[in-house]
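Structure assessment
Take a look at the letters that make up each chain.
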Protein chains: 2
Amino acid sequence: MFEQLGLIGCGLMGGSFALALKRAGLVKRVVGYSKSPSTTQRALSMGVIDVEAPSALLAVSGADIVLLAVPVSATEATLKAIRHLVSKDMLIMDVGSTKRDVIDAARRVLRDNIGAFVPCHPIAGKEASGVDHADADLYVGKQVVVTPIERTLPGHLQRAIQVWEALQCNVTRMTPESHDAAFAAVSHLPHLIAFALVNGIASQPQGQEFLQLAGPGFRDFTRIAAGEPKLWRDVLLANRQELLAQSQVFQRTLQAMEAMVEAGNADALEGFIAQASNLRANWRMGAKKP
Amino acid sequence: MFEQLGLIGCGLMGGSFALALKRAGLVKRVVGYSKSPSTTQRALSMGVIDVEAPSALLAVSGADIVLLAVPVSATEATLKAIRHLVSKDMLIMDVGSTKRDVIDAARRVLRDNIGAFVPCHPIAGKEASGVDHADADLYVGKQVVVTPIERTLPGHLQRAIQVWEALQCNVTRMTPESHDAAFAAVSHLPHLIAFALVNGIASQPQGQEFLQLAGPGFRDFTRIAAGEPKLWRDVLLANRQELLAQSQVFQRTLQAMEAMVEAGNADALEGFIAQASNLRANWRMGAKKP
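My aim in this report is to walk through the structure given alongside it, one point at a time. (Residues numbered from 1 in each chain as written. Chains lettered and ligands numbered in written order. Predicted model: local features only at pLDDT ≥ 70, side-chain atom pairs only at ≥ 80, totals over all residues. Heavy atoms only, no water.)

All names here are of chain B. Here strand E1 (residues 2-8) runs beside strand E2 (residues 27-33); their pairing, made up of six bridges, is parallel. Each bridged residue has a counterpart across the sheet, and for glycine 6 the counterpart in E2 is valine 31. The handedness of the E1 to E2 crossover, carried by helix H1 (residues 12-23), is right-handed. Here two bridges tie E2 to strand E3 (residues 51-52), and the two strands are oriented parallel to one another. In the sheet register, glycine 32 faces E3, and the bridge partner there is glutamate 52. (Pairing = 2+ DSSP bridges. Helix = DSSP H or I, 4+ residues; strand = E, 2+ residues; numbered from the N terminus. Right-handed = clockwise from strand over helix to strand, strands pointing away.)

Following this line, the structure appears as structure tokens:
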């Protein structure tokens, strides 16, 4: 049980966390801050937060648990804004979809208090963002990856895991490097590919005509290409090293398939497609490890 | 109004065409042939066809309209089987998803009767195949691309368009080359990419762990990777020239994005993502030309 949640960023992710924590009876009071005053006011009027803080620093004042729910590119500036009130007694978590850059920022800013910070990535979201879509059920049944470093305080790590499990999440522990490689492979690279595919088609003289003929396969394949430009710009840049490494693996695999197609090697091509088809047909979202 | 449809291939595509043509009152009798006798029998018992033909050749005997609804790789053998009964009075159509290879086969086999053949690609399908899923509504509201060549008889082309329009399809006319380029771009390349992405991830030591973390974006992006191996092997090989050309366009675009990511060029990257995001957000499946 926590006395006070300091919530920095009262949007979809942060607002849903506050609602879920309250519903679970795990916190007495939520003090919230958002960069946009209208968001903070809306969070207050919706009951997502109990008190409006005029700054990130004041949101942290008196908190025993702090959630950073800001874009990953804003992590360092946010930590700088609060560092004078951060102590090792305070559990600090984030919800960023990249972890190495967030941890690097936390090391630079928090220094000796880095042990208070437990890097987290809850794999949850909605098409719509903003506090208006905050939902106490957003995290229920979802995976949360925690990526502690050697200096993370074990007691804080354990409490962070307990919090997410109390919200009915499945918690997985990974190194920050494995986390970033995994999400480069299964999320960031597919976005990069979808953006490139759409723009590559549109760049051709008959591109508009081609797009008019596209069907349900194209619709689903390119759904993620409609993502928010600033958000994806930041994610792709934040995880650039792992993203570029995964893109190389992908292009080598694509070029191996092209060679089969070019050579008319029907057996190899069929075997390769069958492998992908079996893998995908047997894949289930959020499947637990055996 | 036709006297007799000769249906070669009584599966989902062919069976649905026969049901739709009957429902529209456009044909008196359907004589059907499938490679698998059990399919032909099932088509007969379902009322998809009225008479079972013991061979492709006999399905064509007496027909004034013929539909080839066989895998594209079987087109040439099928045309060879029927060519002795093909005449210029007969309207012959296909439903293949590639057009240049089908037309090349038709030129080689039909020779002076090539004018009877109107190459068609109805953009319709279901997850499930087979005559059991044949549906008189399969083509309703769908696009059909017709790709006549210079020797296609104008009267036959006009009748083919009338037939599809009577089935409530939107007919688009393209050259075979543009058709194949378009489908390489919006269908065949996305499949190639999805197969390569899934296999590229699975080939890594932590691949299984990565896949367990994948979410709804990955789910939709890779849905087409579960496609049927033999079918996609044939499509990718049949359209290899345009597919490889489109894959080059895609890889150049991807590499341009990689350069922006590597250089940390946030403005260029955001602009590029915004272009893709706008295009995709404004795209509607089956949108008619303005």
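Here the narrative resumes.
Further remarks concern the pattern of salt bridges. Two side chains with opposite charge may pair up if their charged atoms get near one another. Evaluated as defined, the whole model comprises 30 salt bridges over all chains. As a salt-bridge pair, glutamate 76 of chain A and arginine 108 of chain A come within 2.5 Å of each other at their nearest N and O atoms. Separated by 32 residues along the polypeptide, glutamate 76 of chain A in helix H4 (residues 75-82) and arginine 108 of chain A in helix H5 (residues 100-110) bring together distant segments of the chain. Using a relative accessible area of 46% as the deciding quantity, one classes arginine 108 of chain A as partly exposed. We note a salt bridge from arginine 233 of chain A to aspartate 234 of chain A, for which the minimum N-O separation is 3.0 Å. There is no split in this pair, since arginine 233 of chain A and aspartate 234 of chain A are both buried. Through salt bridges with shared partners, one network takes in Lys230, Arg233 and Asp234 of chain A together with Glu270 of chain B. (Salt bridge = Lys/Arg side-chain N within 4 Å of Asp/Glu carboxyl O. Buried < 20%, exposed > 50% of the residue type's maximum accessible area, 1.4 Å probe, protein only.)

The next point concerns the sheet that holds strand E9 (residues 170-173) of chain A. Residues and elements named next belong to chain A. Strands sit in the order E7-E8-E9 across an open sheet of three strands; the sheet is mixed. Two strands in the sheet have a free side with no partner beyond their single neighbour: strand E7 (120-122) and E9. Across the sheet, the mean angle separating the axes of adjacent strands is 20° when strand polarity is ignored. (Axes fitted to C-alpha atoms, helices over the stretch in contact; angles between N-to-C directions.)

Right, let's talk about the relation of the copies chain A and chain B for a bit. It takes a turn of 180° to lay chain A on chain B, together with a shift of 0.1 Å along the axis; the resulting RMSD is 0.1 Å. Put plainly, the chains are arranged around a two-fold axis. Across chain A, the rotation axis passes nearest the C-alpha of phenylalanine 221 of chain A, at a separation of 2.0 Å. An overlap of 100% is found between the interface residues of chain A and their copies at the interface of chain B, pointing to a shared contact surface. (Least-squares fit on C-alpha atoms with pLDDT ≥ 70 in both. Contact = heavy atoms within 4.5 Å.)

A few words on unusual backbone geometry. Phi angles above zero are rare outside glycine, and glutamine 168 of chain A is one such case at about 70°. Its location among the elements puts glutamine 168 of chain A in the loop between helix H6 (154-166) and E9. Backbone geometry at arginine 111 of chain B places phi at a positive 50°, although glycine is not the residue there. Within the secondary structure, arginine 111 of chain B sits in the loop between helix H5 (100-110) and strand E6 (117-118).

Once that is clear, we can look at helix H11 (residues 240-263) of chain B. If you check H11 of chain B, its first and last C-alpha atoms are 34 Å apart, about what 24 residues at 1.5 Å a residue would give, namely 34 Å. Glycine 264 of chain B, located one to two residues past H11 of chain B, shows a positive phi value of around 65°. (Expected span 1.5 Å × (residues − 1).)

Within the fold, arginine 233 of chain A resides in helix H10 (residues 229-238). Spatially, the C-alpha atoms of arginine 233 of chain A and alanine 181 of chain A are 17 Å apart, while their sequence positions differ by 52 residues. Residues in contact with arginine 233 of chain A, not counting those within four places in the same chain, are Ala266, Leu269, Glu270 and Ile273 of chain B. Engagement of the side chain of arginine 233 of chain A in a polar contact is seen with the side chain of glutamate 270 of chain B, the distance being 2.5 Å. (Polar contact = N/O pair within 3.5 Å; in protein donor to acceptor, adjacent residues only side chain to side chain.)

All right, on to the side chain of threonine 222 of chain B then. One can find threonine 222 of chain B in the loop between helix H9 (216-221) and helix H10 (229-238). Among the polar contacts listed, one links the side chain of threonine 222 of chain B to the side chain of arginine 280 of chain A, at a separation of 2.7 Å. Apart from the residues within four sequence positions on either side, threonine 222 of chain B is in contact with Arg280 of chain A together with Leu197 and Val198 of chain B.

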